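# A closer look at the structure
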Amino acid sequence: MPSEDDTPREHRRLGEDPPPGAPDMFAPEPQFAPPPPPRRKPRRSRRTTLAVTIGLLAALVLGGGTTAFVLLGDEPEAPGFTPVGTDLTEDLGPFDPDQADYHPFTLEQDAWLPTPQGQHWSLQDTGDTSATFDKDAAEDTVILICGDIRDRLGSYPTGFTDHEAWFAAEESRDHERRGDGDEYAITAGPEYSDYIIDGRQAFLVEIQYHWTQWDDPEAGPTAVDYTRAQAYLYIDRGARAPARCTVTAHHGATDGYDEAVDALLGVRLED
């Protein structure tokens, strides 16, 4: 559920800063090599009123059996889903990517991520089907990646109403990259916030972890004092695969973490 904290986004911090000297961890893997684009169904701008039409579609003979399909009128549409939450784009008008410094991050190039504000941010050249930024400053190492989940659709829920199920899918995915000797705990969150972005449902998950032991690939289990802040943004795109953005802040909820999350909340969609 959305946080009840009314503190403005730019002044809200998830957890406390960790002590210095925390070890570096591996960055999230780059997102998703693009497969061939799926065939798109034409949009229906409005529902039409039809007279009853009866037609025989086909008669299929399989193994001596006959199956007939009869269509009555138009195919019914699924009930519409009304987005809920804070509308981040309510007064911004249609999006024009030429008006600002934005970067496309889906195969269809219909979702755009703004460059994070602040110093020390660098754009990694990973192609037009993802957008990756990193910030590497003293005690402020942050990675921001946006793409879509077309290659992992089966790993995530099909709807946008069960936030906990989405986070559980994320936890399962992260567990694949953690060592058996890792010892860690959730110290803040998960915190869920609902948003509307250009008429589409979106929600943000924020969480913070603290490691006391890291299963080092070479040294084995090693005592550490390491804090990591994470954020995930999911955006519904209708018939297209949902968009997914991640923030990984390797020293906790630093200024770089806030700058990255602010960039997420500046994502725009083209109609």
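Report follows, based on the coordinates. These figures come from a predicted structure and were not determined experimentally. All residue numbers refer to positions counted from 1 along the written sequence of the respective chain. Totals for whole chains, interfaces and linings use all residues, but because this is a predicted model, local features are given only for residues with pLDDT of at least 70 and pairs of side-chain atoms are given and counted only at 80 or more. Values reported for side chains reflect all heavy atoms of the structure, with hydrogen atoms and water molecules removed beforehand.

## Describing the overall build of the chain
To be explicit about the condition: Under the DSSP-based scheme used, a helix requires at least four consecutive residues in state H or I and a strand at least two consecutive residues in state E, with every element numbered from the N terminus. With a 1.4 Å probe rolled over the protein chains alone, any residue whose accessible area is under 20% of its type maximum counts as buried; one over 50% counts as exposed, and the rest are partly exposed. We call two residues in contact whenever any of their non-hydrogen atoms come within 4.5 Å of each other. Shrake-Rupley sampling with a 1.4 Å probe provides the accessible areas, and residues are treated as covered by the protein chains on show and by no other component.
Broken down by element type, the chain carries two helices and 13 strands. When each of the 271 residues of the chain is scored for burial, the buried share is 42%. Long-range pairs, those at least 24 residues apart, make up 63% of the contacts in the chain with a sequence separation of at least 6. Carbon and sulfur atoms form 51% of the exposed surface of the chain, whose accessible area is close to 15500 Å².

## A short note on the pairing of strand E9 (residues 183-197)
To keep things clear, this is the line we draw: Only strands that DSSP links by at least two bridges are regarded as paired with each other.
As paired strands, strand E3 (residues 86-87) and E9 are joined by two bridges and run parallel to one another. The residue bridging Asp87 from the neighbouring strand is Ile196, located in E9. Sheet topology places E9 next to strand E10 (residues 200-216); twelve bridges connect them, and they run antiparallel. Residue pairing across strands places Ile196 opposite Gln201, the latter belonging to E10.

## A closer look at the sheet that holds E9
For the record, the criterion: Angles run from 0 to 180 degrees between N-to-C directions of axes, and those axes are lines fitted to C-alpha atoms, restricted for helices to the stretch in contact.
The strand order across the open sheet built from eight strands is E3-E9-E10-E11-E12-E8-E7-E6, with neighbouring strands paired in mixed fashion. Of all strands in the sheet, those with a lone pairing partner are E3 and strand E6 (121-124), marking the two edges. Bridging between strand E8 (residues 140-148) and strand E12 (residues 240-249) involves seven bridges; their strand directions are antiparallel. Looking at E12, one finds that Ile143 is bridged to Thr248. On the sheet, helix H1 (residues 163-175) packs against E9, E10, strand E11 (220-237) and E12 and is oriented at approximately 135 degrees with respect to E9.

## Thoughts on the pattern of salt bridges
Put simply, the rule reads: Criterion for a salt bridge: a side-chain nitrogen of Lys or Arg within 4 Å of a carboxyl oxygen of Asp or Glu.
The full count for this structure, using the stated rule, is eleven salt bridges. Between Asp148 and Arg150 there is a salt bridge, with its nearest N and O atoms 3.3 Å apart. Accessibility expressed as a relative area gives 4% for Asp148, which makes it buried. Given a relative accessible area of 15%, Arg150 falls into the buried group.

## Regarding H1
The criterion, for reference: By this rule, a helix spans an expected 1.5 Å times one less than how many residues it contains.
Given a rise of 1.5 Å per residue, 13 residues ought to cover 18 Å, and the 18 Å separating the end C-alpha atoms of H1 matches this to within 8%. Residues of H1 that are buried sit in contact with E9, E10, E11 and E12.

## A few points about the environment of Glu90
On the secondary structure map, Glu90 appears in the loop between E3 and strand E4 (102-104). Taking C-alpha positions, Glu90 is 7.4 Å from Asp198, a pair spaced 108 residues apart along the chain.

## Focus on the side chain of Thr248
Using the following cut-off: Whenever two N or O atoms come within 3.5 Å, that pair is a polar contact, provided that in protein one can donate a hydrogen and the other can accept it, and provided that, for residues adjacent in sequence, both atoms are side-chain atoms.
Looking at the element boundaries, Thr248 is found in strand E12. A relative accessible area of 2% means that Thr248 is categorised as buried. For Thr248, the side chain forms a polar contact with the side chain of Gln230, separated by 3.3 Å.

## With respect to the sheet that holds E4
What holds strands together in a sheet is hydrogen bonding between their backbones, with the strands either parallel or antiparallel. Reading across from one edge, E4-E5-E13 is the order of the three strands in this open sheet, with antiparallel pairing throughout. What marks the edges here is a single partner per strand, and that holds for E4 and strand E13 (268-269). Relative to strand E5 (residues 111-114), E4 runs antiparallel, the two sharing three bridges. Bridged to Pro104 within E5 is Trp112.

## Points about the nonpolar core
Put simply, the test is: Here, the term nonpolar core denotes a set of buried Ala, Val, Leu, Ile, Met, Phe, Trp, Tyr and Cys residues that are joined through side-chain atoms within 4.5 Å.
Phe105, Leu113, Leu144, Leu233, Val247 and Leu264 are the most contacted members of the largest nonpolar core, which totals 30 residues. Where this core is concerned, the elements lending two or more residues are E5, strand E7 (131-137), E8, E9, E10, E11, E12 and helix H2 (255-264). In terms of residue count, H2 provides more of this core than any other element does, five residues in total. Counting residues in hydrophobic clusters, the runner-up holds 17 residues, among them Ala169, Tyr209, Trp214 and Tyr226.

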